[in-house]
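Analysis of the macromolecular model
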Amino acid sequence: MGCCTHRSVLTNRPETAGADVTTGQLRLESYLERYFETAPLAAVAAAIDGIATAALEIESLTSRGQLSEISGLATGCNSDGDIQKDLDVRADAIIRRALSKAPIAALASEEAAEPEIRDPRARICVAVDPLDGSSNIDLNVTIGTIFSILPAPDDLSAAFRQCGTAQLAAGFVTYGPQTSLVLTIGEGVDVFTLDRTSACFKLVRRRVRIPARADEFAINVSNRRHWEAPTRAFVDECLAGADGPLGRDFNMRWIGSLVAEAYRILTRGGVFLYPSDARPGYGDGRLRLVYEAHPMAFIIEQAGGSASTGHDRILDLVPKNLHQRVPLVMGASDEVRRIEELYSRPELIASSTAPLFARRGFFRI
Ligand code: FDP
């Protein structure tokens, strides 16, 4: 299936949701109400509503931690060999149940080898990472749920082999000090925070924008010796700070939860990298295209940022299979462009931080 450049199912959009409301007042149900008025969007709204319902239950488990018998310990492996924790399994079951009322043709999850075919007459398909950042569960660090909503093709076997630009909606929930839902239905990015006293999500930020220029980067530097030269060159440029070619100092963060990294970028900008590297199994990075990179790329682009493999725009990629991994660089568009430039023009690498790093060189550790 080729890439599409627009989302035809959304051509009859209702008025911009929430355009006339004060943030903090609008509940997610009211925000979604107007989407329920047109047939294809009604399914999208129902799926988002289902995810939000599941999020309430998952947030209650995460916030109670071991009091709710969530240990954060491994219980086995999923079909792709990833360690599965007890909350991964619980979150998957909660989401499947919460989405049972939404008209969904096929549902795919990180936790299952194959998609579940539900109602073949329905017009949407949903892909989820029920619990992202699961290595952080027992650490009391922010974790989350990521989702992508796609149109249902006639041939459901191709449901999760659609280009990222086909997505109708995407979002993620963070379970942290605040439980928040970040959402795009293709007209910008809005953020809702769970009001724990009334158990409902309320709009807190509308039409979030990511500054084009970053002064913060996020990457797991422990893998430096395994990186490709362009990734090293970019990070070296950031580390060179005001003395290097980028001409300004950078701060660094690595939380180890994609949702938390994305939330930070949507809050104060920055760039995130999980590139391919030379470790066995990391030739295409670590993150999954269908239910991690595609929805994140949709959100980041809708907020004015960019998302790339270093070579290609993430949203232009057509998945080869459901659990495909992909290198991901996302956030501030100037920095993503710089990384792409370093990948496409190797001659820039040698000179990028000279003379500061000339003594050590990029190819040595
Ligand atoms: P996790 O495996 O804990 O679910 O989605 C994969 C992910 O977390 C991301 O959330 C996170 O950014 C990354 O893996 C962390 O990977 P490293 O441990 O290799 O840094």
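Here, the structure is the one placed above.
This write-up is about the structure you can find in this document.

Observations regarding the overall build of the chain
- Scanning the chain from terminus to terminus reveals eight helices and 15 strands.
- For the chain, buried positions account for 59% of its 365 residues.
- A fraction of 64% describes how many contacts in the chain between residues 6 or more apart in sequence connect residues 24 or more apart.
- With an accessible surface of roughly 15200 Å², the chain has 49% of that area assigned to carbon and sulfur atoms.

A word on the environment of Thr 75
- Position of Thr 75 among the secondary structure elements: in strand 1 (residues 74-77).
- Given a relative accessible area of 52%, Thr 75 falls into the exposed group.
- Sequence spacing of Thr 75 and Leu 87 is twelve residues, and the spatial spacing of their C-alpha atoms is 9.4 Å.
- When sequence neighbours within four positions are dropped, the list of residues in contact with Thr 75 reads Gln 84, Lys 85, Asp 86 and Val 89.

Side note on the site of the ligand
- Residues in close proximity to the ligand total 13 residues, the closest being Asn 220, Leu 258, Tyr 274, Arg 286 and Glu 292.
- Leu 258 places a polar main-chain atom, nitrogen or oxygen, 2.8 Å from an oxygen atom of the ligand.
- Side-chain polar atom of Tyr 274 to an oxygen atom of the ligand: 2.6 Å apart, as the coordinates give it.
- Notes on the ligand: free accessible area 470 Å², of which the protein chains cover 85%.
- Classifying every residue of the shell around the ligand by side-chain character gives four nonpolar, six polar and three charged.

Overview of the packing of helix 5 (residues 258-268) against helix 6 (residues 289-302)
- At their nearest, the axes of helix 5 and helix 6 sit 11 Å apart, and the two run at 10 degrees to each other. The angle between the axes of helix 5 and helix 6 places the two elements in the roughly parallel class. Residue-level inspection shows Leu 258, Val 259, Ala 262, Ile 265 and Leu 266 of helix 5 in contact with helix 6, the latter providing Glu 292, Met 296, Ile 299 and Ile 300.
- In terms of residue class, the contact of helix 5 with helix 6 is built from eight nonpolar, no polar and one charged.

Topic: the side chain of Arg 224
- Looking at the secondary structure, you find Arg 224 in the loop between strand 11 (216-218) and helix 4 (229-240).
- A polar contact of 3.1 Å, which involves the side chain of Arg 224, links it to the side chain of Asp 236.

Comments concerning the pattern of salt bridges
- Going through the model one piece at a time under the given rule, you end up with 20 salt bridges.
- Glu 237 is paired through a salt bridge with Arg 338; the nearest N and O atoms lie 2.6 Å apart. Of the two residues, Glu 237 is situated in helix 4 and Arg 338 in helix 7 (residues 333-344); the sequence distance between them amounts to 101 residues.
- With a shortest N-O distance of 3.6 Å, Asp 334 and Arg 337 are connected by a salt bridge.

Topic: the sheet that holds strand 6 (residues 143-151)
- In space, the eight strands of this open sheet follow the order 4-3-5-6-7-8-9-10, with mixed pairing throughout. The strands lining the two open edges of the sheet, one partner per strand, are strand 4 (116-117) and strand 10 (200-205).
- Looking at chain direction, strand 9 (residues 189-195) and strand 10 are connected through five bridges and run antiparallel. Looking at the pairing, Phe 192 lines up with Leu 203 of strand 10.
- Most of the contacts of helix 2 (residues 39-64) go to strand 7 (residues 169-175), to which it runs at about 10 degrees, and overall it touches strand 5 (124-132), strand 6, strand 7, strand 8 (179-184), strand 9 and strand 10.

Brief notes about the environment of Asp 119
- The residue Asp 119 is located in the loop between strand 4 and strand 5 in this model.
- The class of Asp 119 is partly exposed, set by a relative accessible area of 24%.
- C-alpha of Asp 119 to C-alpha of Leu 107: the two residues are twelve residues apart in sequence and 9.9 Å apart in space.
- Discounting chain neighbours no more than four positions away, the residues touching Asp 119 are Ile 104 and Ala 105.

Quick look at helix 5
- The element helix 5 is largely enclosed, with a buried count of nine among its eleven residues.
- Listed in full, the buried residues belonging to helix 5 are Leu 258, Val 259, Ala 260, Glu 261, Ala 262, Tyr 263, Arg 264, Ile 265 and Leu 266.

So, the side chain of Ser 109
- Position of Ser 109 among the secondary structure elements: in strand 3 (residues 104-109).
- Engagement of the side chain of Ser 109 in a polar contact is seen with the backbone nitrogen of Glu 111, the distance being 2.9 Å.
- Setting aside anything within four residues of it in sequence, one finds Ser 109 in contact with Asp 92, Arg 96, Val 128, Pro 130, Tyr 291 and His 323.

A short note on the packing of aromatic side chains
- With the rule as written, the count across this model stands at six aromatic pairs.
- Consider the rings of Trp 254 and Phe 272, whose centres lie 5.5 Å apart with planes at 15 degrees: the pair is stacked. Taken together, the positions of Trp 254 in the loop between strand 12 (251-252) and helix 5 and Phe 272 in strand 13 (residues 271-274) put the pair 18 residues apart, joining distant regions of the chain.
- Note on Trp 254: relative accessible area 27%, which makes it partly exposed.
- Classification of Phe 272 by relative accessible area gives buried; the value is 2%.
- Taken together through their ring pairs, the aromatic side chains of Trp 254, Phe 272, Tyr 274 and Tyr 282 make up a single cluster.

Rules used throughout
- Residues numbered from 1 in each chain as written.
- Predicted model: local features only at pLDDT ≥ 70, side-chain atom pairs only at ≥ 80, totals over all residues.
- Heavy atoms only, no water.
- Helix = DSSP H or I, 4+ residues; strand = E, 2+ residues; numbered from the N terminus.
- Buried < 20%, exposed > 50% of the residue type's maximum accessible area, 1.4 Å probe, protein only.
- Contact = heavy atoms within 4.5 Å.
- Areas by Shrake-Rupley, 256 points an atom, 1.4 Å probe, with all protein chains shown as cover.
- Near = heavy atom within 4 Å.
- Polar contact = N/O pair within 3.5 Å; in protein donor to acceptor, adjacent residues only side chain to side chain.
- Nonpolar A, V, L, I, M, F, W, Y, C, P; charged D, E, K, R; others polar.
- Axes fitted to C-alpha atoms, helices over the stretch in contact; angles between N-to-C directions.
- Parallel < 35°, antiparallel > 145°, perpendicular 65-115°, else oblique.
- Salt bridge = Lys/Arg side-chain N within 4 Å of Asp/Glu carboxyl O.
- Pairing = 2+ DSSP bridges.
- Phe/Tyr/Trp six-rings, centres within 6.5 Å; stacked < 30°, edge-to-face > 60°.

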